[in-house]
Structures are given as C-alpha cells and as structure tokens.
Amino acid sequence: MVTTTSIRPAKTGRARNGPRDDTRLALLFILPALVGFAVFLVWPTLRGIYLSFTKFNLLTPPEFNGLDNYVRMVQDPVFWNALKVTLYYVILNIGFQTVLALVIAVMMQRLTQRTWLRGIVLTPFLVSNVVAAMVFLWILDYQLGIGNTIIAAIGLDRIPFLSDSAWAIPTIAFINVWRHVGYTALLIFAGLQTIPETVYEAGRIDGAGEVRMFRSITVPLLRPILSLVLIITVVGSFQVFDTVAIATRGGPVDSSRVLQYYIYDVAFGRFQFGYASAMSVALLAVLVIVTFLQYRLTRAESSDLA
Amino acid sequence: MTTDTTPKIGAAPPVVVTEPSATPSEPHRFSAGRALAWTFMILVILVSLFPFYWMLRTALSSNNALYAGSDNLLPVQTSAGGFERVFGLQTGQEAIDAGGAGQAINFWRYLFNSVVVATLITVGQVFFSAMAAYAFARLQWKHREKVFAFFLAGLMIPAIFTLLPNFVLIKQLGLVDTLLGISLPTMFMTPFAVFFLRQFFLGISREVEEAALMDGASKVRVFFRLIIPMSMAPITTLAILTYIAAWNEYFWALMVSYTDKSRVLTVALGVFKSQTPQTGPDWSGLMAATLVAALPMLLLFMLFAKRIVNSIGFSGIK
C-alpha cells in the first residue's frame with residue numbers, strides 16, 4: 001500500500017536543485033485522510049465480508065461458520081421478498097424520477113435559465129428523508145391528509161397510500177422522487193449545458209421543432225451524461241431506508257420491507273450481525289452487477305459529440 | 001465546475017440572480033407549446049413548495065381543530081401550541097389535552113447535537129481532504145498515482161456497506177451514543193471530497209506557486225497562504241454540501257445514538273413520531289418539529305442558493 005517511513009514533521013521546503021522529493025511532507029499531508037480511509041472504509045469493507053462468514057451477536061467474538069449465512073439467505077423467503085420489493089422500488093423510483101428530471105431539465109434550459117427556478121426545484125433536496133417522509137405521511141393521511149381531502153372532493157375514493165400493501169412502495173417511491181428529482185434535473189441540466197448552442201441553431205435553420213430537436217439532438221448527445229446520472233441514482237436508490245423506517249416500518253405485512261430495512265432489523269432487532277453482513281454482501285454484489293450492466297448497456301464511456 | 005469563482009459569500013439571495021451570457025438569444029415568441037411547458041413548470045414549482053407551506057400551516061393550527069378543518073387551506077384556530085410542545089414549553093397535561101405525547105422533548109439539545117455533528121464532520125472532512133488533495137495534486141512523491149487510484153476505488157464502495165462493520169468498530173472504541181462516534185467515520189475524508197478538491201488544485205496556475213517557493217516560502221506555507229485562499233470558492237461549496245449531507249443523515253445516526261445525549265434532529269424526529277398517540281397523532285406538533293428540523297438547512301440554502309445551484313454538475317465525477 002504505502003511506504004511507511006517514520007513520520008516526522010518535515011521542516012525543509014527545498015524547492016530548487018535536483019529532482020524534488022516531498023515524500024515526508026506528502027506523508028504528513030495525507031496521513032489524516034489515509035487513516036480515515038484505512039480505518040473507516042477499507043477495514044470495514046474487509047471486515048464486513050469476513051463477518052458474513054461468521055455467527056456474531058455483538059456480545060461474544062464472531063465464530064466462523066463457513067457458508068451457513070449464505071445457505072440460510074438462499075432459503076429465506078423474507079430475504080427474497082425484500083430483494084423483490086427493493087427491485088420494484090428501484091424500478092418505480094428511477095423510472096419516474098429520470099423521465100421527470102429529464103423533462104424538467106430540458107424545460108429549464110429551453111424556457112428560462114434563471115437561477116431562482118433551479119433554486120426552487122432543488123429546495124426539497126435540502127431537507128432530510130425523514131422530513132420528507134413526515135410531511136407526506138401527513139399530506140397523504142387517509143382521513144385528514146389534504147391529498148385525500150382533495151381526492152375525496154373531486155369524487156374519487158380515498159386512497160390508503162401508506163397503509164395498503166399495493167400502495168406502500170409506489171408511495172414511498174413517489175416521496176423520494178419528490179425529494180431527489182430536482183437534484184437529478186440539475187445534474188442533467190449541467191449535462192445539457194455541454195451541448196453547443198450552435199447545434200440547436202443549425203437544427204432550427206433546418207426547420208426542426210422543439211420535439212424533433214429533443215429527439216434528434218438532445219437525447220443522443222446527452223447519452224453519456226444520462227447514463228452516469230443513472231448509475232449514480234440507481235446505486236442511491238438501492239440503499240433506500242430512511243423513508244421506509246419513518247413512513248411504514250416495512251409494513252403492511254412486509255410489503256415495503258426493502259432489503260436495507262430487513263438488514264437493519266436482523267442486525268439491531270435480532271442481533272444477528274453475521275447474517276445481516278451476508279445480506280449486505282449480497283446487496284453489494286447486486287450493486288456491482290447492476291452498475292457493470294448499466295455501464296455496458298449505455299456505453300457510458302463514449303460520446304456522440306466527438 | 002469552475003463556475004463562479006468570485007469569493008462573494010452569501011451576497012446572492014435566490015431571486016435576483018441572473019446568469020450572464022448563458023441565455024441563448026432565442027426568440028421568445030408565444031406558442032401553445034411554450035404555454036404548455038410553463039404550465040408544467042408551474043405545476044412542478046407548486047409540488048416542490050406546497051409541502052413546506054403545509055408544514056407551516058399545520059404547525060400553526062391547533063391540533064384538535066385539524067380534524068374539523070382538514071380542507072381549510074389556512075391555519076385552523078391559529079395557535080403556537082405545536083411549537084410550544086416542540087420546545088417543551090407546555091406542561092405534560094397541557095400537551096396531552098392538546099393531543100400531544102406528554103413527554104418532555106428536548107429540542108434545543110437535539111439542535112445542539114446536530115450542529116456539533118455537522119460541524120465536526122464538515123470541518124474535519126474538508127480540511128483533511130484538502131491536505132490530501134494538495135499532496136496528490138502538487139507534491140512529488142513515490143507511488144503518488146497508485147495511492148490516488150486506491151483512494152478513487154473507495155468511491156465504488158456504497159456507504160451503506162460499511163455501516164454495520166463501522167458500528168462494530170465504534171462500539172469497540174466505546175463511542176456508541178456519543179457525538180464523536182457519529183462524526184468519526186466521515187470526519188477524515190471521503191474519496192469524493194479528495195477527488196473534488198484535487199481537480200481544483202490541479203487547475204491552479206503553477207507560476208504563482210513557483211514564485212512563492214522561489215521567495216523561500218515552504219510548501220506548508222504555500223498550502224495555507226496561497227492554495228487555500230485561492231480555492232475558497234470550491235472549498236466553501238464542498239463545505240456547504242457536506243454540512244447539508246451531515247445534517248440530514250439518519251441511518252448511521254440512528255444506529256449509534258440511543259439517548260438524548262447524542263440524539264440528532266433526524267433521529268429525534270423519528271422518536272417524536274413514534275411517541276405521538278397512534279390514534280389521532282399530534283400533527284401540529286409533528287409538523288412544528290419537522291419544520292424546526294428543516295429550517296436551518298433552508299436558511300443556509302437561502303444564503304448560498306446561487307453557489308449550491310451552480311455547483312451541481314459533473315465537475316467531481318467526470
């Protein structure tokens with residue numbers, strides 16, 4: 001990894017003759033970050049993998065138990081359900097959010113590029129997931145929420161947004177879209193700025209309308225950025241926890257028990273850290289595979305702009 | 001993202017700002033398409049902002065009146081009771097009569113905890129990351145590129161994966177239920193912060209630096225007196241974004257804090273919610289608490305809106 005020389009404050013700042021070597025000073029400069037990196041990122045990653053092969057209840061030292069946790073995982077219907085629920089959530093969340101963010105970003109670019117508009121769109125991102133969940137818990141309350149009051153007022157049936165198995169995940173997906181769509185739109189907006197205006201001018205001279213230009217110019221030229229946005233948002237989406245913990249606690253009957261919430265429950269509710277770690281490794285594997293597939297499928301590395 | 005390097009801080013309220021020269025000179029002719037597009041944008045603005053108004057409206061209503069006035073767009077029976085319960089200004093009996101939980105809640109304490117945690121994380125992370133970024137951008141040493149590549153690989157590990165093992169570590173260190181325990185894992189660096197600042201340091205002209213070194217300044221001095229002041233804009237941006245993220249963190253804080261001693265606002269909000277009577281929750285109290293928890297970041301945003309909005313892009317990632 002890194003050469004470990006004795007660390008003493010280097011007092012010399014010699015700059016001139018000979019090939020420079022700042023090794024001592026550099027070590028001093030990266031030391032805090034390196035310690036943080038090693039202790040809170042590299043070590044926990046290795047340890048997480050190790051713990052997945054153990055039986056560990058936090059009170060007594062971990063006992064190696066081979067593949068037991070993985071065998072249990074494969075046979076655990078709750079795990080598979082959690083994985084399914086998480087995937088369902090990611091598809092709804094990312095699908096809805098990406099389309100909406102793309103439309104918002106294009107409109108921000110074509111209508112007005114004023115900063116205040118981007119500021120307003122970004123506002124929900126400034127509050128925590130907990131705050132977002134609390135507000136929508138209230139707005140979407142079955143009896144008293146303004147959302148359902150409006151639905152009832154226009155003559156429809158009230159919707160049990162967070163207390164019905166079929167509605168729970170779509171509702172949670174919507175709450176997180178509310179919080180994150182502005183941020184995603186701004187990322188896409190930044191990507192749009194990289195498309196030269198001359199391309200649009202040429203399109204306009206050729207008589208193309210807005211819709212045509214969106215299809216033939218914006219989308220193809222935006223592809224590399226869009227795929228990066230997708231990779232980032234999908235990885236984030238898989239880690240959903242906060243909203244579920246506040247709004248539904250996994251219910252009703254496991255219908256919103258996403259993987260991360262199940263892992264938390266197994267670790268802190270039942271103190272089965274070994275099994276929880278094994279499921280974390282599974283989630284990590286899913287993320288690696290999904291990212292890799294996305295990268296390949298969207299050809300994120302190449303641009304059409306060249 | 002080397003946009004806006006003017007070190008003017010907080011000079012821009014969100015509304016008055018215009019982008020110089022960024023607006024293309026397109027003809028603003030009226031058309032059905034434009035009208036439709038604006039209608040859509042206005043809808044987006046409404047959906048973005050309405051929940052904030054609704055928090056305020058509910059927080060200012062008296063809880064018992066909410067049931068009858070659920071379709072009233074203004075506060076029903078305006079009352080500061082919700083806020084009083086949040087700040088513990090009502091006696092237990094008063095709170096129960098008003099539909100609250102009756103337990104004393106210690107909001108100032110949580111506010112204080114949140115400030116301490118977010119400040120520790122921000123100051124530590126930004127400072128240490130800047131030091132490392134300088135070593136990666138400007139100092140000459142063996143294996144520099146290899147070590148940097150190793151750091152970058154850290155970007156690929158999703159934060160969530162390190163939570164459980166980090167909890168085990170914090171427990172072994174005896175730091176469970178302390179503010180330091182919550183702050184520690186992100187206090188030293190994140191790969192992103194190092195990468196972000198390194199990119200910026202690389203862009204600083206070498207000539208200024210060489211001149212200072214010629215004059216006999218040490219590299220340490222160059223870092224503190226030259227590099228840091230010249231990079232105030234991106235450092236501020238990074239600091240604000242880090243502060244917001246630290247303030248809003250819930251999952252990790254939930255694992256580590258158990259009592260009021262280390263409870264931060266996000267966790268306290270969850271506890272407050274679980275304490276409220278299950279049948280007929282104290283919505284005005286809950287919304288008052290939610291608003292109080294969200295307010296500091298909204299104020300920070302108002303001060304730095306232009307900087308935050310313009311900083312979101314692919315600078316760090318591409």
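Residues numbered from 1 in each chain as written. Chains lettered and ligands numbered in written order. Predicted model: local features only at pLDDT ≥ 70, side-chain atom pairs only at ≥ 80, totals over all residues. Heavy atoms only, no water.

1. A look at the overall build of chain A
- When helices and strands are tallied, chain A shows 12 helices and two strands.
- Traced from its N-terminal end to its C-terminal end, chain A shows the element sequence α-β-β-α-α-α-α-α-α-α-α-α-α-α.
- Buried residues in chain A amount to 56% of all 306 residues.
- Pairs at least 24 residues apart make up 66% of the contacts formed inside chain A by residues separated by at least 6 positions.
- Total accessible area computed for chain A in this model is approximately 13600 Å², and 66% of it derives from carbon and sulfur atoms. (Helix = DSSP H or I, 4+ residues; strand = E, 2+ residues; numbered from the N terminus. Buried < 20%, exposed > 50% of the residue type's maximum accessible area, 1.4 Å probe, protein only. Contact = heavy atoms within 4.5 Å. Areas by Shrake-Rupley, 256 points an atom, 1.4 Å probe, with all protein chains shown as cover.)

2. Concerning the UniProt feature "transmembrane region" (unreviewed entry) in chain A
All names here are of chain A.
- Mapped onto the present numbering, the UniProt feature "transmembrane region" (unreviewed entry) falls on residues 25-46, 87-108, 120-140, 221-241 and 273-293.
- Across residues 25-46, the secondary structure splits into 100% helix and 0% strand, with the terminal C-alpha atoms separated by 29 Å.
- Strand forms 0% of residues 120-140 and helix 67%; the C-alpha atoms that close the span are 22 Å apart. (UniProt positions renumbered as here; feature names shortened; annotations may be inferred.)

3. Structural notes on the pattern of salt bridges
- If you walk through the whole model with that rule in mind, you get 10 salt bridges over all chains.
- Ionic pairing is found between Asp-22 of chain A and Lys-219 of chain B, a salt bridge with its closest N-O pair at 3.1 Å. Taken as a pair, Asp-22 of chain A in the segment before helix 1 (23-51) and Lys-219 of chain B in helix 11 (residues 219-230) lie in two separate chains rather than in one. For the residue pair Asp-22 of chain A and Lys-219 of chain B, the accessibility class agrees, reading buried in each case.
- Arg-257 of chain A is paired through a salt bridge with Asp-254 of chain A; the nearest N and O atoms lie 2.7 Å apart.
- A relative accessible area of 26% means that Asp-254 of chain A is categorised as partly exposed.
- What emerges from the salt-bridge pattern is a single network uniting Asp-254, Arg-257, Asp-265 and Arg-270 of chain A. (Salt bridge = Lys/Arg side-chain N within 4 Å of Asp/Glu carboxyl O.)

4. With respect to the confidence of the model for chain A
Residues and elements named next belong to chain A.
- Residue-level pLDDT values for chain A average 88, and 91% of them are 70 or greater.
- Highest mean pLDDT in chain A belongs to helix 2 (residues 68-75) (96); lowest belongs to helix 9 (residues 210-238) (87).
- For the stretch residues 1-18, pLDDT sits under 50, and the model shows 20 contacts to residues farther than four places along the chain or on other chains. (pLDDT = per-residue confidence, 0-100.)

5. Description of helix 12 (residues 232-248) of chain B
- In this model helix 12 of chain B runs 24 Å from its N-terminal to its C-terminal C-alpha over 17 residues, within 8% of the 24 Å that 1.5 Å per residue would give.
- Among the 17 residues of helix 12 of chain B, 13 are classified as buried, and the element is accordingly described as predominantly covered. (Expected span 1.5 Å × (residues − 1).)

6. Quick notes on the interface of chain B and chain A
- In this complex, chain B contributes 105 residues to the contact, which on the side of chain A involves 99 residues.
- For the pair chain B and chain A, the summed buried surface comes to about 9400 Å²; carbon and sulfur atoms form 78% of the total.
- Linking chain B with chain A are 10 residue pairs in polar contact (both at pLDDT 80 or more).
- Here the side of chain B that touches chain A gets 17 residues from one element, more than from any other, and that element is helix 1 (residues 32-59) of chain B.
- Its residues placed into classes, the side of chain B that touches chain A shows 73 nonpolar, 20 polar and 12 charged. (Buried area = accessible area lost by both parts, 1.4 Å probe. Polar contact = N/O pair within 3.5 Å; in protein donor to acceptor, adjacent residues only side chain to side chain. Nonpolar A, V, L, I, M, F, W, Y, C, P; charged D, E, K, R; others polar.)

7. Points about the UniProt feature "transmembrane region" (unreviewed entry) in chain B
Residues and elements named next belong to chain B.
- Mapped onto this structure's residue numbering, the UniProt feature "transmembrane region" (unreviewed entry) falls at residues 35-56, 115-136, 148-170, 182-201, 222-246 and 283-305.
- Annotation note: span residues 115-136, helix share 100%, strand share 0%, distance between end C-alpha atoms 31 Å.
- Annotation note: span residues 148-170, helix share 78%, strand share 0%, distance between end C-alpha atoms 27 Å.

8. Notes on the nonpolar core
- Counting residues in each nonpolar core, the largest one holds 202 residues, and the members touching the most others are Phe-201 and Met-255 of chain B.
- If you tally residues by element for this core, the top one is helix 15 (residues 283-311) of chain B, at 17 residues.
- When sequence neighbours within four positions are dropped, the list of residues in contact with Met-255 of chain B reads Tyr-264 and Phe-268 of chain A together with Leu-163, Leu-164 and Phe-167 of chain B. (Core = buried A, V, L, I, M, F, W, Y, C linked by side-chain atoms within 4.5 Å.)

9. Re a nonpolar patch on the surface
- On the surface, a cluster of nonpolar side chains totalling about 550 Å² of accessible area is made up of Phe-96 and Phe-174 of chain A together with Ile-42, Leu-43, Leu-46 and Val-47 of chain B.
- Of all the elements, helix 1 of chain B adds the most residues to the nonpolar patch, at four residues.
- As for its placement among the helices and strands, Leu-43 of chain B is situated in helix 1.
- Taking the relative accessible area as the measure of exposure, Leu-43 of chain B reaches 52% and is therefore exposed. (Patch = residues over 30% accessible without salt bridge, like charges linked within 9 Å, V, L, I, M, F, W, Y side chains within 5 Å.)

10. Let's talk about the side chain of Thr-242 of chain B
Residues and elements named next belong to chain B.
- Within the fold, Thr-242 resides in helix 12.
- The buried category is assigned to Thr-242, whose relative accessible area is 9%.
- With residues up to four places along the chain from it excluded, the contact list for Thr-242 reads Ile-121, Thr-122, Gln-125 and Val-126.

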